[in-house]
Amino acid sequence: MGAMALTPVARAEDGYDLWLRYAPTDAARSSSLSAHVTAIVATGTGPTWAAATSELQRGIAGMTGTKPAVTATIQQGALWLATPASSPSLPVKTDGLGLEGYAIRSVTIDGKAVTLIAANSDVGLLHGAYHWLRLAQTGASLDSLAIASAPKIGLRMLNHWDNLDGSVERGYAGQSIWDWWRLPDYKGPRYTDYARANASLGINGTVLNNVNARSESLTAPYIAKAAALADIFRPYGIKVYLSVKWTAPMELDGLKTADPLDPAVAAWWKAKADEIYKAIPDFGGFLVKANSEGQPGPQDYKRTHADGANMLAAAVKPHGGIVMWRAFVYAHDNPDDRAKQAYSDFKPLDGQFADNVIVQVKNGAIDFQPREPFHPLFGAMPKTPLMMEFQITKEYLGQSTHLTYLGPLFEETLDADTFAKGKGSTVAKVIDGSLEGHKLTGIAGVANIGVDRDWSGSIFNQADWYAFGRLSWDTSLSARDIATEWAAQTFSPDQKVVQPVVMMMMGSREAAVDYMTPLGLAHIMNTGHHYGPGPWVSELARPEWNPVYYHKADANGIGFDRTKSGSNAVSQYAPTIAKMLDDPKTTPERELLWFHHLPWDYRLKSGDTLWDGLIHHYEHGVADVAQMRATWETLRPMVDTERFAETETLLTIQQREAQWWRDACIAYFQSVSKRPLPAGSAAPAHSLDYYKALKFPFAPGN
Ligand code: GCW
């Protein structure tokens, strides 16, 4: 018998490692990496230094098979970590890097070539270490490095909509990763891995609990649990924040009121803040959803959002804390266009907020749709710091089954020009504070994280967490470049893998727009769970919960008239934009039906009538998904079995459901337009009644 081949232990590619896989590289790359890290030179001490050096060791060991030593002496080919405190004779300047940025430089010290990672703080070094590892994993050159990087936005946050019972509102990746029941004692390894993943992107804050908050999270046992998490995250530069319920003083301690101007209420919050800061000295502050979707708030006491925010802000101010006050408000007794209500409520309050309050505004004025015009509050409250709220979890974009990469959505919003101070007043400049000179700046993403082994419900959903983090650090990055580096780290730096993956990702969001809500349509998803089509839904108690409210399709046409002769939502934008959006001819077609109600015979730029064009968009969406599937199939030999098969199956679901969206929407719109389908378009597979009868009582995340 000949020698038996040893079966290699299969590398588990179940997605747990995210983009920090540090997979073995080929021999040439491996020896180049080893030559660039003959040792890690580190003279600082403490948990953040340990996190940085052990991450570098883990990364190099994974990629090359050899773990470099950590030493205090510089040698040829070393990777040298240094702050002005650890190395007083630092050969590079660190001014301009702030407390979180870093420089990476190829330098020669005493005749020895080394790669220096320099920063003003330990956390800056950690960020620099992750940047270097990104270069290493993506196959970039490690020679002649001259990198300097610092974030422009101060607060780069995840918002968890996680409930104390372990469920996650709009979560599609399993239960909450916070094991509230066994905290503060049991601190599983996932918490550290969560911190590593976030630190690798520069995310520096996390709101642990749902904005639909329970007051129990402010009780002593839960403060202790939050403190345990804060202790784990601290070395990674991540602060903990909590969502608060407005009526907590009444619910927890029997106060008669939650009126923000009542001194007893203010005193309660002050004492509560003191209690929290005793347990978590670097606690970040509060996030508040008030007077929105049934949540209590200051308006219940005839006070304004500013009254409420400022009272809380005073409570955390002595400790350096902040208040993030959400502008996601619309009221059941307000008959005005829902898209206008946040602006109407908040714009008059500009200038009234305390200096440690930041108003958190969703990217669009309705609710995280596949496409929305940027929120009119951006650029409209010059005296108030505004932070962005994106949704990473894909409530309206196919949840954890559809591949819809959100990078292009984030990028489109950040690059949108508000014209608030003339051309070039982008949303990115509003939120990084540069447009109006604000120091308090922030961006938040509603997390898509759960206990699923792959964290995010699918491998490709991880890219949305990644893209959010990267753009938070640097809003000028392109969605394409981010997809490219994500694909290289997640699958392989081989261009034969990266290019097709990036192609799939970059077209995926527009495909979803096309098969769900083309030409500026919005919110025609089925009710409650928001999964699948429901353009016919019209029976819900509140008008603005019904899809028919949003599309207004009838025998004559379709779309929501937000022009001067309609709801006049256009007037909430700067005059240049308002004028452009008031006329369908100058409105970008991708937002056409968001702003205009148009006859079915309206001519699109393609020459199609609106009716025919709508059908064609639905069909493009379906065809694009078929193309994505075909592209993925070409990758079969190059992607590990487990992750290949998952994506293959999910794309099969997506194609079937894109077809479902197309057929159900066409069946419905045809029932109102009474028009024939354009030549070559197939009739829906089933009757409208069939689609209406589909029910999903146990859809996740609801
Ligand atoms: O529209 C919605 C979601 C809710 C969410 C709300 C919000 C947390 O469907 O689940 O509640 O937005 O952002 O407050």
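Residues numbered from 1 in each chain as written. Predicted model: local features only at pLDDT ≥ 70, side-chain atom pairs only at ≥ 80, totals over all residues. Heavy atoms only, no water.

What follows is about the overall build of the chain. Scanning the chain from terminus to terminus reveals 20 helices and 16 strands. For 702 residues, the compact-globule formula gives about 27 Å, and the C-alpha radius of gyration of the chain, at 26 Å, lands near that figure. The principal-axis extent of the C-alpha atoms belonging to the chain is close to 80 × 75 × 50 Å. Out of the 702 residues in the chain, the part that is buried amounts to 61%. (Helix = DSSP H or I, 4+ residues; strand = E, 2+ residues; numbered from the N terminus. Rg over C-alpha atoms; globule rule 2.2 N^0.38 Å. Buried < 20%, exposed > 50% of the residue type's maximum accessible area, 1.4 Å probe, protein only.)

Attention shifts here to the pattern of salt bridges. Under the defined criterion, the tally for this structure stands at 37 salt bridges. Glutamate 544 is the salt-bridge partner of arginine 542, the closest N and O atoms lying 2.9 Å from each other. Each of the two residues, arginine 542 as well as glutamate 544, counts as buried. (Salt bridge = Lys/Arg side-chain N within 4 Å of Asp/Glu carboxyl O.)

A word on the site of the ligand. Surveying the vicinity of the ligand reveals 15 residues, the closest of which are Glu169, Lys289, Lys362, Asp367 and Glu395. The separation between an oxygen atom of the ligand and a polar side-chain atom of asparagine 212 is 3.2 Å. Lysine 362 has a polar side-chain atom sitting 2.7 Å from an oxygen atom of the ligand. Against a free-state accessible area of 330 Å², the protein chains account for coverage of 96% of the ligand. Grouping the amino acids of the shell around the ligand by side-chain chemistry returns four nonpolar, three polar and eight charged. (Near = heavy atom within 4 Å. Polar contact = N/O pair within 3.5 Å; in protein donor to acceptor, adjacent residues only side chain to side chain. Areas by Shrake-Rupley, 256 points an atom, 1.4 Å probe, with all protein chains shown as cover. Nonpolar A, V, L, I, M, F, W, Y, C, P; charged D, E, K, R; others polar.)

Throughout the structure, instances matching the rule amount to 36 aromatic pairs. Seen in terms of ring centroids, tryptophan 161 and phenylalanine 368 are 6.4 Å apart; in terms of plane orientation they differ by 45°. Their pairing is tilted. Of this pair, tryptophan 161 sits in the loop between β7 (155–159) and α4 (189–199) while phenylalanine 368 sits in the loop between β12 (357–362) and β13 (386–391), placing them 207 residues apart in sequence. Each member of the pair, tryptophan 161 as well as phenylalanine 368, carries the same accessibility label: buried. Ring-pair connections join several aromatic residues into one group, and the members of that group are Tyr16, Trp19, Trp455, Trp465 and Tyr466. Here lysine 362 stacks its cationic end above the ring of phenylalanine 328, 3.2 Å away from the centre of that ring. Sitting above the plane of the tyrosine 549 ring, lysine 552 keeps its charged end 4.4 Å from the centroid. (Phe/Tyr/Trp six-rings, centres within 6.5 Å; stacked < 30°, edge-to-face > 60°. Lys NZ or Arg CZ within 6 Å of the ring centre and 35° of its normal.)

Pairing between the strands of a sheet is mediated by backbone hydrogen bonds and can be parallel or antiparallel. The sheet built from six strands is open, its strands ordered β2-β1-β3-β5-β4-β6 with mixed pairing. Only two strands of the sheet have a single neighbouring strand rather than two, namely β2 (70–71) and β6 (146–149). Where strand β3 (residues 79–82) lies against strand β5 (residues 112–118), four bridges are found, and the strand directions are parallel. The residue bridging alanine 82 from the neighbouring strand is alanine 118, located in β5. (Pairing = 2+ DSSP bridges.)

Turning our attention to the packing of helix α5 (residues 220–233) against helix α7 (residues 263–279). At a minimum axis distance of 9 Å, the contact between α5 and α7 shows a crossing angle of 40°. In terms of orientation, α5 lies oblique with respect to α7. α7 is crossed by α5, and the crossing has right-handed handedness. Mapping the contact onto sequence places Ala220, Ile223 and Ala227 in α5 and Lys272, Glu275, Ile276 and Ala279 in α7. Taken together, the residues that form the contact of α5 with α7 break down as five nonpolar, no polar and two charged. (Axes fitted to C-alpha atoms, helices over the stretch in contact; angles between N-to-C directions. Parallel < 35°, antiparallel > 145°, perpendicular 65-115°, else oblique. Left-handed = near helix turned anticlockwise from the far one by under 90°. Contact = heavy atoms within 4.5 Å.)

Moving on, we come to α7. Spanning 17 residues, α7 covers 25 Å between terminal C-alpha atoms, matching the ideal 24 Å at 1.5 Å per step. Every buried residue belonging to α7 is among Val265, Trp268, Trp269, Lys272, Ala273, Ile276 and Tyr277, and all of these are buried. Summarising the axial view, the buried residues of α7 lie within an arc of 165°, below the 170-degree limit, and thus occupy one face. Turned more than 90 degrees away from the buried face of α7, the exposed residues are Pro263 and Lys278. Buried residues along α7 sit in contact with α5, β9 (239–244), α6 (248–253), β10 (285–288) and α8 (305–316). Two or three places before alanine 264, at the start of α7, stands the capping residue aspartate 262, its side-chain oxygen 2.8 Å from that residue's backbone nitrogen. (Expected span 1.5 Å × (residues − 1). Arc of directions from axis to C-beta.)

Its place among the elements puts threonine 64 in helix α2 (residues 47–64). The exposure class of threonine 64 is buried, given its relative accessible area of 17%. Threonine 64 sits 636 residues away from proline 700 along the chain, and the two C-alpha atoms are 41 Å apart. Discounting chain neighbours no more than four positions away, the residues touching threonine 64 are Ser30, Leu33 and Ser34. A distance of 2.7 Å separates a polar side-chain atom of threonine 64 from the backbone oxygen of isoleucine 60. Within the structure, the side chain of threonine 64 is placed 3.1 Å from the backbone nitrogen of threonine 66, a separation counted as a polar contact.

The strand order around the closed barrel built from eight strands is β7-β8-β9-β10-β11-β12-β13-β14, with neighbouring strands paired in parallel fashion. Across the sheet, the axes of successive neighbouring strands diverge by a mean angle of 25°, strand direction being ignored. Across four bridges, the pairing between β12 and β13 is parallel. Residue pairing for β13: valine 359 is matched across the bridge by leucine 386.

Looking at the assigned domains, one finds that the chain contains domain 1 (4–149), domain 2 (155–480) and domain 3 (514–560 + 597–693). For domain 2 versus domain 3, the distance between C-alpha centres works out to 31 Å. Interface of domain 2 and domain 3: buried area, both sides summed, is about 2,100 Å²; carbon and sulfur atoms make up 57% of it. Of all residues in domain 2, Tyr396, Thr401 and His402 give up the largest surface area on contact with domain 3, accounting jointly for 26% of the area buried on that side. Linking domain 2 to domain 3 there are zero salt bridges. The residue makeup of the side of domain 2 that touches domain 3, split by class, is nine nonpolar, nine polar and six charged. (Domains from an automatic or database assignment. Buried area = accessible area lost by both parts, 1.4 Å probe.)

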